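# What the coordinates show
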Amino acid sequence: MTLDRCIACEEVAVEERIEPYVVEHDGKSATIQDGRMVCTACGNVSYRGSQISEHELAVAAAIRQMDGLLSADELLRIRTKYSLKQTDMEQMLSTGPKTWTRWERGKVPQNKPADKLIRLLAEDPELTRQLMRQAGVINEEAEAAIERFEQDAKRLMRTMVMSKVGTAPSAEMQRFAERVAEEAFETVRDARRQVVARGQAA
Ligand SMILES: [Zn+2]
């Protein structure tokens, strides 16, 4: 292994090491494994090249974990589930430009209120549509994706109801079951909406 010259003591004694690094956050702490340059002569520590961004990513990931926040990968998954763009998310969450981008790249952890709202959006296509419209986001692909999720949810509800009706229901029974399924879908949606409203008021 070739050693580098130390910028502090000028000895040719700097080597790359993986060492534990303690992240302190809100009175909590977590240990990450840090790749860095260490001088074996004077102990000076420095970061080189990709070590800097890897350090930043690991620190942000540790903070996310300590705060119980969604990971950067989860943010990506939720956004693409709805075919939304990064700028759409920024508009919907009223953040500054490039904020979502930084969250999704893992450089910066999202704040707790945003995290809470993103979790709600992940579970509720209709809420996502509402927020898109409120924020003036125009995205036809996202509208279509949301429509598909709703159709899937309705289909699932219908399947559940029909399975209780039996194998050869009369036409009348079938209409009745479809109405029950439709109402069940709306009841679930409204109940969720009330939970969301309460959560936002709190
Ligand atoms: Zn040194």
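Residues numbered from 1 in each chain as written. Predicted model: local features only at pLDDT ≥ 70, side-chain atom pairs only at ≥ 80, totals over all residues.

### Some remarks on the domain arrangement of the protein chain
Per the domain assignment, the segments of the protein chain are domain 1 (4–67) and domain 2 (72–196). Taking only C-alpha atoms, the centre of domain 1 and the centre of domain 2 are 41 Å apart. Tallying the contact residues gives seven residues for domain 1 and five residues for domain 2. Here the side of domain 1 that touches domain 2 is composed, by residue class, of four nonpolar, no polar and three charged. (Domains from an automatic or database assignment. Contact = placed C-beta atoms within 7 Å. Nonpolar A, V, L, I, M, F, W, Y, C, P; charged D, E, K, R; others polar.)

### Topic: the nonpolar core
L75, I118 and A142 are the most contacted members of the largest nonpolar core, which has 17 residues in total. Of all the secondary-structure elements, those providing two or more residues to this core are helix 2 (72–81), helix 3 (86–92), helix 4 (99–105), helix 5 (112–123) and helix 7 (140–165). With three residues, helix 5 is the largest single contributor of residues to this core. Residues in contact with I118, not counting those within four places in the same chain, are L70, L75 and I78. (Core = buried A, V, L, I, M, F, W, Y, C linked by C-beta atoms within 7 Å. Buried ≥ 20, exposed ≤ 12 C-beta atoms within 10 Å, placed from the backbone. Helix = DSSP H or I, 4+ residues; strand = E, 2+ residues; numbered from the N terminus.)

### Quick notes on the pairing of strand 3 (residues 28–39)
Each regular strand carries side chains that alternate between the two faces of the sheet. Summarising the sheet, strand 2 (residues 12–25) and strand 3 pair through twelve bridges and their orientation is antiparallel. By the bridge assignment, R17 is partnered in strand 3 with R36. Following strand 2, the chain reverses through two residues before pairing antiparallel with strand 3; D26 in that reversal takes a positive phi of roughly 50°. Counting the residues that bridge the hairpin from strand 3 to strand 4 (residues 45–46) gives five residues, and of these G43 lies at a positive phi of roughly 85°. (Pairing = 2+ DSSP bridges.)

### Re unusual backbone geometry
Located in the positive-phi region is D26, a residue other than glycine, with phi close to 50°. Following the sequence through the fold, D26 ends up in the loop between strand 2 and strand 3. On the neighbour-count criterion, D26 (8 C-beta atoms within 10 Å) is exposed. Backbone geometry at S94 places phi at a positive 50°, although glycine is not the residue there. Structurally, the position occupied by S94 is in the loop between helix 3 and helix 4. Using a count of 10 C-beta atoms within 10 Å as the deciding quantity, one classes S94 as exposed.

### A closer look at helix 5
For an α-helix, the turn length of 3.6 residues means that residues three or four places apart are oriented alike. Taking 1.5 Å as the rise per residue, helix 5 with twelve residues should run 16 Å; its terminal C-alpha atoms sit 17 Å apart, in good agreement. Considered for burial, the residues of helix 5 that qualify are A114, I118 and L121. All buried residues of helix 5 project into a common sector of 60° when viewed along the axis, lining one side. Counted as exposed and oriented over 90 degrees from the buried face of helix 5: K112, P113 and E123. Buried positions along helix 5 lie against helix 2 and helix 6 (125–135). (Expected span 1.5 Å × (residues − 1). Arc of directions from axis to C-beta.)

### A look at the packing of helix 6 against helix 7
Look at helix 6 against helix 7: their axes get within 9 Å of each other, and the N-to-C directions meet at 155°. With respect to helix 7, the axis of helix 6 lies roughly antiparallel. Note on packing geometry: the crossing formed by helix 6 with helix 7 is left-handed. Residue-level contacts link P125, E126, T128, R129 and M132 of helix 6 to A142, I146, F149 and E150 of helix 7. Class assignment of the residues belonging to the contact of helix 6 with helix 7 gives a composition of five nonpolar, one polar and three charged. (Axes fitted to C-alpha atoms, helices over the stretch in contact; angles between N-to-C directions. Parallel < 35°, antiparallel > 145°, perpendicular 65-115°, else oblique. Left-handed = near helix turned anticlockwise from the far one by under 90°.)

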